[in-house]
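# Structure assessment
Take a look at the letters that make up each chain.
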Amino acid sequence: MIKNLCIALLALVSVTLSAQENLAYQKPPKEILDLADYERAPSVQMDSKMQYMLLSYRDTYKTLDDLNQDELRLAGLRINPVTNIGSTTTFVINLKLRKLKDKNEVQISGLPQNPKISNIYWSPDETKIAFANTTATGVELWVIDIASANATKLTEANVNAALGSPFSWYGDGKRLLVKILPKDRPKLIDSKKDLPTGPITSQTDGQVSQNRTYPDMLKNVQDEKNFETVVTSELYTVDLSGKATLYKPKDIYAYESFSPDGTLLMLTTVQKPFSYIVPLGRFPMKTTIYDLSGNEIKVVNEIPLTETMPKGFMAVRKGKRNMGWRSDKPASLYYVVALDQGNPANKVDFRDEIFVWDAPFSSDAKSLLKTKQRFSNLIWGDEHTAIVTEDWYDTRNTKTFLIDPSNPAKAAVTIEDRNSQDIYSDPGNFETVKNQYARYVLALDNGNAFLLGNGFTEKGQFPFIDAFNVKTLKKKRLYQSAYTDKKEDIFSMEDFRNGIVLVQMQSKTEYPNYYLRDIKKMKLTQLTSFANPFASIKDVHKEVIKYNRKDGVALSGTLYLPKGYDMKKKEKLPLLIWAYPEEFKDKASAGQNSKNPNEFTFPYYGSFVYWVTRGYAVLDDASFPIIGEGEIEPNDTFITQLVDDAAAAIDAVDKLGYIDRKKVAVGGHSYGAFMTANLLTHSNLFACGIARSGAYNRTLTPFGFQSEQRNYWEVPNIYDEMSPFMNANKMKTPLLLIHGEADNNPGTFTLQTERYFQAIKGLGGPARMVILPKESHGYAAKVNILHLLWEQDRFLEKYLKGTDDATAKN
């Protein structure tokens, strides 16, 4: 018996080993490699006076070594314990300045060697720029003098950037408040060597708490101690000569914010107990106001540990939230309190109440406004003008109000009441400008506020600028883009009186560049001249096609055909569809089109566009709406709608005569991967599919996923039906499963792909699994991305063109 068992185990091991592939990193075919291996254009920041432009350069991809650094995963954070900065930080490698009136940029002198720059912030007066530089041993603080374009180091590599931005400018622009690592910082505990002194225990008190599935939580006492070690800092005032003065002793400083007039500082610290089931943002917090000498003025908020939350996207915690400084006042706070105890199931007349609280906070805060839905946003203008927005997810309703902050008794005026998903009725966003405190407030000129809109319509996209009179509530259109061969994006109004606007222009083949538009003289002045790095695909055919689902819902997608494709002969091509499902509460909104055919064609690993160079037709960003009207939830008919969306897309391209409908592949990332697995499981529409970094077993996300608010025990049939894992026995279509080894996205643990692959394999289904070393939910390392493209190309060539592996490798 024992002998037979050993033979059986050896046979199992040999089968398992033979299923693995000893594969080195590969590169995709030349057509794809030439597009993927490009030099990224710099990103651009401009000062509010439109005098200087900062250009930030970074590598197109990270290296595998960048991902292979030491890492602690604690309380929802991923931190490099050696350098004390987020381990997923993307660094800038060079900075240049340019005066807008000049044509050439200036290399900033004095930068560190081989810089790894992050956390770039202009001083309040915009004469300096501070940044963090990460070395092999830690993070330094540097500052750039804009006039001389010279950089100077202010601190050693002892800055603590574990909780994000490690410094804040004082209001005078001559000093910075900096988080510095304590000199007596304890050594980190090696949990593999440090033996536990007892078991890990947790207890529930019977309260309902439906938390989503969070990654990288604290797991034991060692984690708690290490977390406290890496996030603890001392606060120092550092002047521009590098002189450092202790402002506050060590603590866990989560957030720092100076009052607009620069006389007070709001400090939020993390308190105990820590949690093993929710991330840092729901740990206990204490917020205190101090003067610039460090004297305590007032404790303004104390938040308990929030492990228990009501169900639903509109659920919020009890107590004060959204606390911040009024941008239009020297030193006044505002905050919001839930009147429904934070529970959207409670029936109340008003959901939230907004309060304002003037320094020195010796008297009670004053009520400003009660909202019938959940508070969403507040834009301060001046003493008599502010804009408040409320919304409610379940109905997709959003309302915008004009209020008088100096007279809370004056009724709020409703200026918008609309469906948040109705992009055709979107009035745009209110423009903001810097005030005397260097804070952004509502732009007001001669009684007008200004709305910048995306301008989506049934006929296309035509961005606009409206003047909104705060007295009469009437709008006047100041400008609307009329391009049908280009795409214009309106970024900001720079000169209200003279009508000067910052815009970005692009087309299918013209890389996005910045311009100043004079909307009165209709004149364009070009500011940047970034070249198109993808010239090899400038002649591919690109169009937005529109079609209907069988129930009449309007759909769309961006169709690409290979360069030189004969539109008359219409050779039958294999088709690749890339998509991501989106939930809606009405058919009209679901059918609106936000795709612009003039958007620059920017191929990247997150779509199939590369394969237009390999002889494929590509339908990118195909509409896959999932609709639930009235009391019906979208996911009640998820599978049916998903298959109908796919069938409509294939029918539409087939009707144009371009494709062989027997050679169609579908792909997606994250929820798009979930979509892909379900389509291959529940339809015969596809020859193969590619699913990347998805979640396939919804019982592992039992308290909701994506836009699903109901838990598993309320609708087990929905969770089971939507889970490809539960239906793995139906998977008979070739599937390429790809996942990052270190996925940090809630719900899409790498285990999801591993277990799904095991299920398909065990049930005899055709699948290949590729785990990309060191990658998170989004992929970053060049070798991994190039190999990913190779894997996808080989897979598509095999199952859509019948090319064998040996040929596909060449």
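Quick note: structure is the one above.
The notes below deal with the structure included here.

Definitions and cut-offs
- Residues numbered from 1 in each chain as written.
- Predicted model: local features only at pLDDT ≥ 70, side-chain atom pairs only at ≥ 80, totals over all residues.
- Heavy atoms only, no water.
- Helix = DSSP H or I, 4+ residues; strand = E, 2+ residues; numbered from the N terminus.
- Rg over C-alpha atoms; globule rule 2.2 N^0.38 Å.
- Contact = heavy atoms within 4.5 Å.
- Areas by Shrake-Rupley, 256 points an atom, 1.4 Å probe, with all protein chains shown as cover.
- Lys, Arg positive; Asp, Glu negative; His and termini not counted.
- Charge placed at Lys NZ, Arg CZ, Asp CG, Glu CD.
- Phe/Tyr/Trp six-rings, centres within 6.5 Å; stacked < 30°, edge-to-face > 60°.
- Buried < 20%, exposed > 50% of the residue type's maximum accessible area, 1.4 Å probe, protein only.
- Lys NZ or Arg CZ within 6 Å of the ring centre and 35° of its normal.
- Polar contact = N/O pair within 3.5 Å; in protein donor to acceptor, adjacent residues only side chain to side chain.
- Pairing = 2+ DSSP bridges.
- Axes fitted to C-alpha atoms, helices over the stretch in contact; angles between N-to-C directions.
- Salt bridge = Lys/Arg side-chain N within 4 Å of Asp/Glu carboxyl O.

With that settled, the discussion passes to the overall build of the protein chain. For the protein chain, the count of helices and strands is eleven helices and 49 strands. Here the C-alpha atoms of the protein chain give a radius of gyration of 28 Å, agreeing with the 28 Å that 2.2 N^0.38 yields for 810 residues. Considering only C-alpha atoms, the protein chain reaches an extent of 75 × 75 × 60 Å along its principal axes. A separation threshold of at least 6 residues defines the contact pool for the protein chain, and within that pool the share at least 24 residues apart is 58%. By element, 50% of the accessible surface of the protein chain is carried by carbon and sulfur atoms, the whole surface being about 36900 Å². Separation of charge centres in the protein chain, based on 100 positive and 97 negative side chains, amounts to 2 Å.

In this section: the packing of aromatic side chains. Scanning the model with the defined rule gives 40 aromatic pairs in all. Ring centres of Phe227 and Phe283 lie 5.7 Å apart, and the angle between their planes is 80°; this geometry places the pair in the edge-to-face category. Of the two residues, Phe227 sits in helix α4 (residues 221-231) while Phe283 sits in the loop between β17 (264-270) and β18 (285-291), which places them 56 residues apart along the sequence. Owing to a relative accessible area of 1%, Phe283 belongs among the buried residues under this scheme. Ring geometry for Phe638 against Tyr671: centres 6.3 Å apart, planes inclined by 55°, an arrangement best described as tilted. Here the residue Phe638 occupies a position in helix α6 (residues 638-655), and Tyr671 occupies one in helix α7 (residues 671-682), the gap between them amounting to 33 residues. Neither Phe638 nor Tyr671 differs from the other in exposure class; each is buried. If you follow Arg175 out to its NZ or CZ, it ends over the ring of Tyr170, 4.2 Å from the centre.

A few words on α4. Those residues of α4 lying buried are Gln222, Asp223, Asn226, Phe227, Thr229, Val230 and Val231. Those residues of α4 that are buried are in contact with β3 (72-74), β4 (77-80), β14 (233-239), β15 (244-251) and β16 (253-258). Among the residues of α4, the N-terminal cap falls to Asn220, whose side-chain oxygen and the backbone nitrogen of Gln222 are separated by 3.2 Å.

The subject of this paragraph is the sheet that holds strand β20 (residues 320-325). Reading across from one edge, β20-β21-β22-β23 is the order of the four strands in this open sheet, with antiparallel pairing throughout. Of all the strands in the sheet, just β20 and β23 (366-371) have a single pairing partner and so form its edges. Averaged over all neighbouring strand pairs, the angle between strand axes comes to 20°, with direction disregarded. As judged from the seven bridges shared by strand β21 (residues 332-338) and strand β22 (residues 352-358), these two strands associate in the antiparallel manner. Following the sheet pairing, Tyr335 is matched in β22 by Phe355.

Applying the stated criterion to the full structure yields 39 salt bridges. The salt bridge partner of Arg326 is Asp328, with a shortest N-O separation of 2.7 Å. In this structure, Lys538 and Asp539 form a salt bridge, with 3.3 Å as the shortest nitrogen-oxygen distance. Relative accessible area serves as the criterion here: at 42%, Lys538 is assigned to the partly exposed category. Through salt bridges with shared partners, a single ionic network connects Glu31, Arg614, Asp793, Glu797 and Lys801.

Keep in mind these numbers describe shape, not what the thing actually does.
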